[in-house]
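Chain by chain, the residues run as shown.
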Amino acid sequence: MKTHCWVQASASDFSGPLPQPRSGHTAVNIGKSKIVIFGGLVDKKFLNDVTVYDTDNDMWFQPVCTGNGSDGKVGPSPRAFHIAVSIDCNMFIFGGRSGGNRLGDFWVLDTDIWQWSELITFGDLPSSRDFAAASAVGNSKIVMYGGWDGKKWLSDVYVLDTISLEWMELSVSGTIPPPRCGHSVTMIEKRLLIYGGRGGGGPIMGDLWALKGLIKEETETPGWTQLKLPGQAPSSRCGHTVASGGPYLLLFGGHGTGGWLSRYDIYYNDCIVLDRVSVQWKRMPTSNEPPAARAYHSMNCVGSRYLLFGGFDGKITYGDLWWLVPEDDPIAKKFKTASSEGVQERDTTTGEKQEGLREGSAIAELQRRLEISGLQSNPELIIDEIEDKELIHLASRIDSEEAVSNMQAVQALRDHWMKSAPQSITLKELRPLFHDYQRLITRHHIGNVGSNLELVEFGFPGKGASFRFYHIKSASQLRLNDIPNLLAEYKQILSYTHISRQSYTI
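Now for a look at the structure at hand. Per chain, residue numbering runs from 1 following the sequence as it is written. Note on the predicted model: pLDDT of at least 70 is required for a residue's local features to be given, and 80 or more for side-chain atom pairs to be given and counted; whole-chain, interface and lining totals, by contrast, use all residues. Calculated side-chain values reflect all of the structure's heavy atoms, with hydrogen atoms and water omitted.

**Here's the deal with the overall build of the chain**
Okay, step 1: Scanning the chain for helices and strands turns up 6 helices and 31 strands.
Okay, step 2: In what follows, residue pairs with any heavy atoms lying within 4.5 Å of each other are defined as contacts. Nonlocal contacts in the chain, meaning residues at least 24 apart in sequence, comprise 59% of its contacts between residues at least 6 apart. Under the DSSP-based scheme used, a helix requires at least four consecutive residues in state H or I and a strand at least two consecutive residues in state E, with every element numbered from the N terminus.

**Some thoughts on empty space enclosed by the protein**
Okay, step 1: Points on a 1 Å grid, built from protein atoms alone, make a cavity when a 1.4 Å probe fits but cannot get out and make a pocket when they are open with protein on both sides within 12 Å along at least 5 of 7 lines; residues with an atom within 4 Å of a point are the lining residues. Grid points are joined across faces, edges and corners, and a volume is the space filled by probe spheres set on the points. As enumerated under the stated definition, the model contains 3 cavities of 30 Å³ or more in all.
Okay, step 2: A volume near 90 Å³ is recorded for the largest cavity.
Okay, step 3: Around the largest cavity, the lining residues are Ser184, Thr186, Leu193, Ile194, Tyr195, Leu208, Val242, Leu249, Leu251, Leu274 and Trp281.
Okay, step 4: Of all elements in the fold, only strand E19 (184-188), strand E20 (191-199) and strand E24 (248-252) reach the threshold of two or more residues within the lining of the largest cavity.

**A look at the environment of Ser117**
Okay, step 1: With respect to the secondary-structure elements, Ser117 resides in strand E12 (residues 115-118).
Okay, step 2: On the accessibility criterion, Ser117 (27% relative accessible area) is partly exposed.
Okay, step 3: Here the alpha-carbon distance between Ser117 and Ser70, two residues 47 residues apart in the chain, equals 9.6 Å.
Okay, step 4: The residues contacting Ser117, other than those within four sequence positions of it, are Asn68, Phe106, Trp107 and Val108. Using a 1.4 Å probe on the protein chains alone, a residue whose accessible area is under 20% of its type maximum counts as buried, one over 50% counts as exposed, and one in between counts as partly exposed.

**Let's talk about the environment of Asp110**
Okay, step 1: You can see Asp110 is positioned in strand E11 (residues 106-110).
Okay, step 2: We classify Asp110 as partly exposed; its relative accessible area is 22%.
Okay, step 3: Between the alpha carbons of Asp110 and Gly67 there is a distance of 9.9 Å; along the sequence they are 43 residues apart.
Okay, step 4: Not counting chain neighbours up to four residues away, the residues in contact with Asp110 comprise Cys89, Asn90 and Gln115.
Okay, step 5: N or O atoms closer than or at 3.5 Å make up a polar contact, with two conditions inside protein: a donor-capable atom paired with an acceptor-capable one, and, for residues adjacent in sequence, both atoms drawn from side chains. Within the local environment of Asp110, its side chain forms a polar contact with the backbone nitrogen of Asp112, the two atoms lying 2.9 Å apart.

**Description of helix H4 (residues 406-419)**
An α-helical segment advances 3.6 residues per turn. Residues three or four places apart therefore align on the same side.
Okay, step 1: The terminal C-alpha atoms of H4, which comprises 14 residues, lie 20 Å apart, in line with the 20 Å expected from a rise of 1.5 Å per residue.
Okay, step 2: Those residues of H4 that fall on the buried side of the exposure criterion are Ala409, Val410, Gln411, Ala412, Leu413, Arg414, Asp415, Trp417 and Met418. By this rule the span expected of a helix is its residue count minus one, scaled by 1.5 Å.

**A look at the environment of Lys419**
Okay, step 1: In this structure, Lys419 sits in helix H4.
Okay, step 2: Classification of Lys419 by relative accessible area gives exposed; the value is 57%.
Okay, step 3: Distance from Lys419 to Lys491, taken between C-alpha atoms, is 9.0 Å for residues 72 residues apart in sequence.

**Things to note about the pattern of salt bridges**
Note that side chains of opposite charge can pair when their charged atoms are close.
Okay, step 1: Only one rule defines a salt bridge in this text: a Lys or Arg side-chain nitrogen within 4 Å of an Asp or Glu carboxyl oxygen. The full count for this structure, using the stated rule, is 21 salt bridges.
Okay, step 2: The shortest N-O distance in the salt bridge between Arg22 and Asp49 comes to 2.8 Å. Of the two residues, Arg22 is situated in the loop between strand E1 (4-8) and strand E2 (26-30) and Asp49 in strand E4 (residues 45-54); the sequence distance between them amounts to 27 residues.
Okay, step 3: Exposure remark for Arg22: the relative accessible area of 0% places this residue in the buried category.
Okay, step 4: Connected through shared salt-bridge partners, Glu385, Asp388, Arg414, Asp436 and Arg439 make up one network.

**Digging into the sheet that holds strand E30 (residues 305-312)**
Okay, step 1: Sheet architecture is open: 4 strands sit in the order E1-E31-E30-E29, paired in antiparallel fashion. Edge positions in the sheet fall to E1 and strand E29 (298-302), since each has one partner strand and no second. Between one strand axis and the next, the sheet turns by 20 degrees as a mean value, whatever way the strands run.
Okay, step 2: In terms of strand pairing, E30 meets strand E31 (residues 317-326) through 6 bridges, oriented antiparallel. Bridge pairing in E31 places Phe312 opposite Thr317. A pair of strands is treated as paired once DSSP finds two or more bridges between them. Helix axes are fitted only over the stretch in contact, all axes being lines through C-alpha atoms; the angle between N-to-C directions runs from 0 to 180 degrees.

**A few points about the nonpolar core**
Okay, step 1: Grouping buried Ala, Val, Leu, Ile, Met, Phe, Trp, Tyr and Cys residues that are joined through side-chain atoms within 4.5 Å yields what is termed a nonpolar core. Grouped together as the largest cluster of nonpolar side chains are 28 residues, with contacts concentrated most on Trp417, Phe434, Tyr437, Leu478 and Leu486.
Okay, step 2: Listed by contribution, the elements that provide at least two residues to this core are helix H3 (389-398), H4, helix H5 (427-449) and helix H6 (483-497).
Okay, step 3: Residues contacting Leu486, with those up to four places away along its chain left out, are Leu430, Leu433, Phe434, Tyr437, Phe469 and Leu478.

**Observations concerning H3**
Okay, step 1: Every buried residue belonging to H3 is among Leu391, Ile392, Leu394 and Ala395, and all of these are buried. When H3 is viewed along its axis, its buried side chains cluster within an angular range of 170 degrees and face the same direction. Residues of H3 that are exposed and point over 90 degrees away from its buried face: Lys389, His393 and Arg397. Read the arc as the range of directions from the helix axis to the C-beta atoms.

**Structural notes on the sheet that holds E12**
Pairing between the strands of a sheet comes from backbone hydrogen bonds, and it takes one of two forms, parallel or antiparallel.
Okay, step 1: Here we have 5 strands laid out as an open sheet, ordered E6-E12-E11-E8-E7, and mixed in their pairing. Strands with a single pairing partner mark the edges of an open sheet, and in this sheet they are strand E6 (66-68) and strand E7 (83-87). In this sheet, neighbouring strand axes are inclined to one another by 20 degrees on average, regardless of whether the strands run parallel or antiparallel.
Okay, step 2: The pairing of E7 with strand E8 (residues 90-94) spans 5 bridges and is classified as antiparallel. Across the sheet, residue Ile87 finds its bridge partner in E8, namely Asn90.

**A few points about the packing of aromatic side chains**
Okay, step 1: To pair, rings of Phe, Tyr and Trp, with the six-membered ring standing in for Trp, must have centres within 6.5 Å; the planes then decide the type, stacked if under 30 degrees apart, edge-to-face if over 60, and tilted in the middle. Tallied over the full model, the rule gives 23 aromatic pairs.
Okay, step 2: A ring pair is formed by Phe81 and Tyr296, whose centres lie 5.6 Å apart and whose planes are at 80 degrees; its orientation type is edge-to-face. Taken together, the residues Phe81 in the loop between E6 and E7 and Tyr296 in the loop between strand E28 (280-283) and E29 connect sequence positions 215 residues apart.
Okay, step 3: Phe81 gets classed as buried once you look at its relative accessible area, which sits at 11%.
Okay, step 4: Aromatic pair Phe131 and Tyr296: ring centres 5.8 Å apart, planes at 65 degrees, arrangement edge-to-face. Highlighted residues: Phe131 in the loop between strand E13 (122-123) and strand E14 (133-137) and Tyr296 in the loop between E28 and E29, separated in sequence by 165 residues.
Okay, step 5: Overall, the relative accessible area of 14% leaves Phe131 in the buried class.
Okay, step 6: Connected via pairs of aromatic rings, a cluster forms that spans Phe92, Phe94, Phe106, Tyr158 and Trp167.
Okay, step 7: Seen from the ring of Tyr318, Arg294 lies directly overhead, with NZ or CZ sitting 4.3 Å from the centre. The rule is short: NZ of Lys or CZ of Arg within 6 Å of the ring centre and within 35 degrees of the ring normal puts a charge over the ring.

**Thoughts on the pairing of strand E3 (residues 34-42)**
Okay, step 1: The buried count for E3 comes to 9 of 9 residues, which makes it a mostly enclosed element.
Okay, step 2: Pairing of E2 with E3, which is carried by 5 bridges, proceeds in the antiparallel orientation. Counterpart to Asn29 in the pairing with E3 is Ile35.
Okay, step 3: Connecting E2 to the antiparallel partner E3 that follows it, the hairpin turn spans 3 residues, and Gly31 within it adopts a positive phi of roughly 60 degrees.
Okay, step 4: Two elements, E3 and E4, share 8 bridges in a ladder whose sense is antiparallel. Within E4, the residue paired with Val36 across the bridge is Val52.
Okay, step 5: Taking the residues between adjacent antiparallel strands as the criterion, E3 and E4 are bridged by 2 residues, where Asp43 takes a positive phi near 50 degrees.

Laid out in structure tokens, this is it:
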């Protein structure tokens, strides 16, 4: 998998008016030349505007749409958290929320003539809902799964024939996924994949399911299968996006609960790939800082590039545009050229600043090699042991009798953790342990790898160890079931770097 680079787009990169900030909108690809954005929410205001990105000409425009709907409406009423699916030149819209109301109307926009039509459908009509997810099946059908109807989470499957305009509720045998909303769905050949979402009672999920039996010609009985794939699976989340590009499905962003130490939701900006060839989860390696964490954004595939727009992080509604591109993409090369010119202009050539740049680049390279998002990119955030008051205080309590100096107390604490079982780690130990874990990874990489950046010199077997928690900002994001893995990785670091006073069997 190629290393990718994030590049923030600016108004000068395009012609025409950029879309205004929003979240809960939809953005669909129409053919290979258009991305159509509809609706969303900003500052408690629901939107129903249409903004189009012409990918061939790098141009944004707002078409003047005509149409006829019930009550004389030209197009759909303002809404967010609806579904949008493209088939040929048409964009189909269903449901969503406007204020406290869930919607159940169905519209299509013909993007050749920019005309809205409200569709009268029949058959097994789905209930009004928001936070559902849908995908095209072939070139004439739409499948929709789940959502929230204002009273309960849903786990139903509906298929719409866009030619006959008949809905059919799919009868599925066997085990079905727990009801949910805010999940993602993706049609991969003959299977519908769903991931994550928020379920009944409020838990946020991290499960992956596949639905068969959507293709009539295959004569398969519809049924769900839960998939448990190897690799670096994403954490539980909802409000994320999944974009399909070549052999990869790229999952970005979303939000989850703040873990067992926090009452607040946390928002993500990591890139996780489902490799369809090796059938496993992987972290996409990126060479620079990602955009701000967010959920309810849009992410579209444009050739080998991905375009991120909008979203919400619990406080801010975003209107920024970001490209995620391979490092050899012209956009990435242009960005690197501009960045290097800016560094040369600001460079004072002092030894202290040059050292800071080397350390920063080393950390960035560490993040890229470990295939994690760069959230600990500032070396100043990694403080020395003797400056870590929380670590020193805990160490003095653990080794109060033997230690002569603070550093000896720290070494005794590390030896204590080397011999500890996960269930013996107390709440007061978790944060100092987590900070020491990040400190040792960063220091050893910079000290022993330096500017050579050879993983052979990293001191870990093979091509490099996998450190799943290095990118986490705060120990409050850790979950109870993360402690065994965190402690195991910490012991590996101590063992490989020979920092502890003794050698222990892990």
